[in-house]
Number of protein chains: 2
Amino acid sequence: MLNQNALLDLTFQALTDSTRRSMLAQLTQGPATVSELARPLAMSLPAVMQHLAVLESSGLVRSEKVGRVRTCRIDPQALSLAEQWLNQRRIEWEQHLDRLGDYLETMKTEGESNDNGK
Amino acid sequence: MLNQNALLDLTFQALTDSTRRSMLAQLTQGPATVSELARPLAMSLPAVMQHLAVLESSGLVRSEKVGRVRTCRIDPQALSLAEQWLNQRRIEWEQHLDRLGDYLETMKTEGESNDNGK
DNA sequence: ATTTTGGTTAAGCATGTCCTTAAGTATATT
DNA sequence: AATATACTTAAGGACATGCTTAACCAAAAT
């Protein structure tokens, strides 16, 4: 069974490689067979298969074989997992900046009240 | 010189590792020194330094040394690069689904007009 | 039936990643 | 001046990654 963090590992890991990112980009244009995915890439078919395996292990891509042709398609949900993690980090950082802003504001106000009471 | 794709490589690569992700999560709570980053982690200080180097090479984190203390902070812009790439993929996929939807709708309508003309 | 096509498996090799320990440097602190 | 602190560098080892080539298999075409 796969916890959230292990799944994130697999997802970002899958996205690390530029070949896999271009395979994903192609798949956003619609489903493709293994050889269609391989055509624009400057490497052997087995290499492409290995990239595909990584994409599938992260759940970013699913595939099924009919006859001798394997058709691959993107899974939109998996993309959003990584996106949500990034989004959460950005939100927390913004909250931190807000708190920092409030703090600085408080300091300023206290400084003014000191001046007033002088 | 660093092109967009190489930068994405470095960014996703940085995000792949669960230790680095937790360092990032900590940094969203505010800046931290190297030893503060190391404290919750079950590994040697040099190991943490190496993770920090990866985070810095991707631009996700910046740091500066004052006296003997190095203070690290997150760079919000770098996070958004990865986020934007993911977002773009999702958008393209949704557009694909829309076009597919239109196509199916067209098929249905043509089917009806065939029925009508029968 | 034979050959072609589309994919798959296996093995191996070069390189990269993630950690370690040992030793070092530069700033505080006492 | 001597010691402690905060980091830094270097070297190396275990394992992972990204390719390759050489078979191999099953569905389709001839």
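Residues numbered from 1 in each chain as written. Chains lettered and ligands numbered in written order. Predicted model: local features only at pLDDT ≥ 70, side-chain atom pairs only at ≥ 80, totals over all residues. Heavy atoms only, no water.

## Side note on the protein's contact with DNA strand C
Selection criterion: To be near a molecule or strand, a residue needs just one of its heavy atoms within 4 Å of it. Contacts described as polar in this section are N or O atom pairs within 3.5 Å, which, within protein, must combine one atom able to donate a hydrogen with one able to accept it, while residues neighboring in sequence count only if both atoms come from side chains. Strands here mean DSSP runs of E at least two residues long; helices mean DSSP runs of H or I at least four residues long; both are numbered from the N terminus. Each residue is assigned to one class: nonpolar for Ala, Val, Leu, Ile, Met, Phe, Trp, Tyr, Cys and Pro, charged for Asp, Glu, Lys and Arg, and polar for all the others, Gly among them.
The local shell around DNA strand C holds 21 residues, among which A:Ser35, A:Met49, A:Arg68, A:Arg70 and B:His51 are the closest. Protein-adjacent atoms of DNA strand C, using a 4 Å cutoff, are sugar or phosphate at a proportion of 63%. At 2.7 Å, a side-chain N or O of B:Gln13 approaches a phosphate oxygen of DNA strand C. Interatomic distance of 2.9 Å between a side-chain N/O atom of B:Gln50 and a base nitrogen of DNA strand C. Take the surface near DNA strand C: its biggest share by element is four residues, from helix α4 (residues 45-57) of chain B. A class-by-class count of the residues in the surface near DNA strand C yields eight nonpolar, seven polar and six charged.

## Observations concerning the packing of helix α1 (residues 4-16) of chain A against helix α2 (residues 18-27) of chain A
Residue and element names in this part refer to chain A. The condition that has to hold: Each axis is a line fitted through C-alpha atoms, and for a helix only the stretch in contact is used; angles between axes span 0 to 180 degrees, taken between their N-to-C directions. Put simply, angles under 35 degrees are roughly parallel, angles over 145 are roughly antiparallel, angles from 65 to 115 are roughly perpendicular, and the rest are oblique. Throughout, a residue-residue contact means that at least one pair of heavy atoms, one from each residue, lies within 4.5 Å.
Packing of α1 against α2 leaves a shortest axis separation of 5 Å and a crossing angle of 95°. With respect to α2, the element α1 is oriented roughly perpendicular. The residues of α2 that touch α1, namely those facing Gln13, Ala14, Leu15 and Thr16, are Ser18, Arg20, Arg21 and Leu24. The class makeup of the residues in the contact of α1 with α2 is three nonpolar, three polar and two charged.

## Quick look at the interface of chain B and chain A
One widely used convention gives an interface's size as the accessible area the parts lose upon coming together. To keep things clear, this is the line we draw: Two parts placed together each lose some accessible area under a 1.4 Å probe, and adding up what both lose gives the buried area. Salt bridge, as used here, is a side-chain nitrogen of Lys or Arg placed within 4 Å of a carboxyl oxygen of Asp or Glu.
Between chain B and chain A, the contact holds 31 residues from the first and 31 residues from the second. Taking both partners together, chain B and chain A bury about 2,900 Å²; carbon and sulfur atoms supply 62% of that area. The interface formed by chain B and chain A contains four salt bridges. Notably, a salt bridge pairs A:Glu83 with B:Arg90, separated by 3.0 Å at the nearest N-O pair. Linking chain B with chain A are 15 residue pairs in polar contact (both at pLDDT 80 or more), by the criterion used here. At the level of secondary structure, the elements contributing two or more residues to the side of chain B that touches chain A comprise α1 (4-16), α2 (18-27) and α5 (76-116) of chain B. With 13 residues, the top contributor of residues to the side of chain B that touches chain A is α5(B). Considered class by class, the residues forming the side of chain B that touches chain A number 14 nonpolar, nine polar and eight charged.

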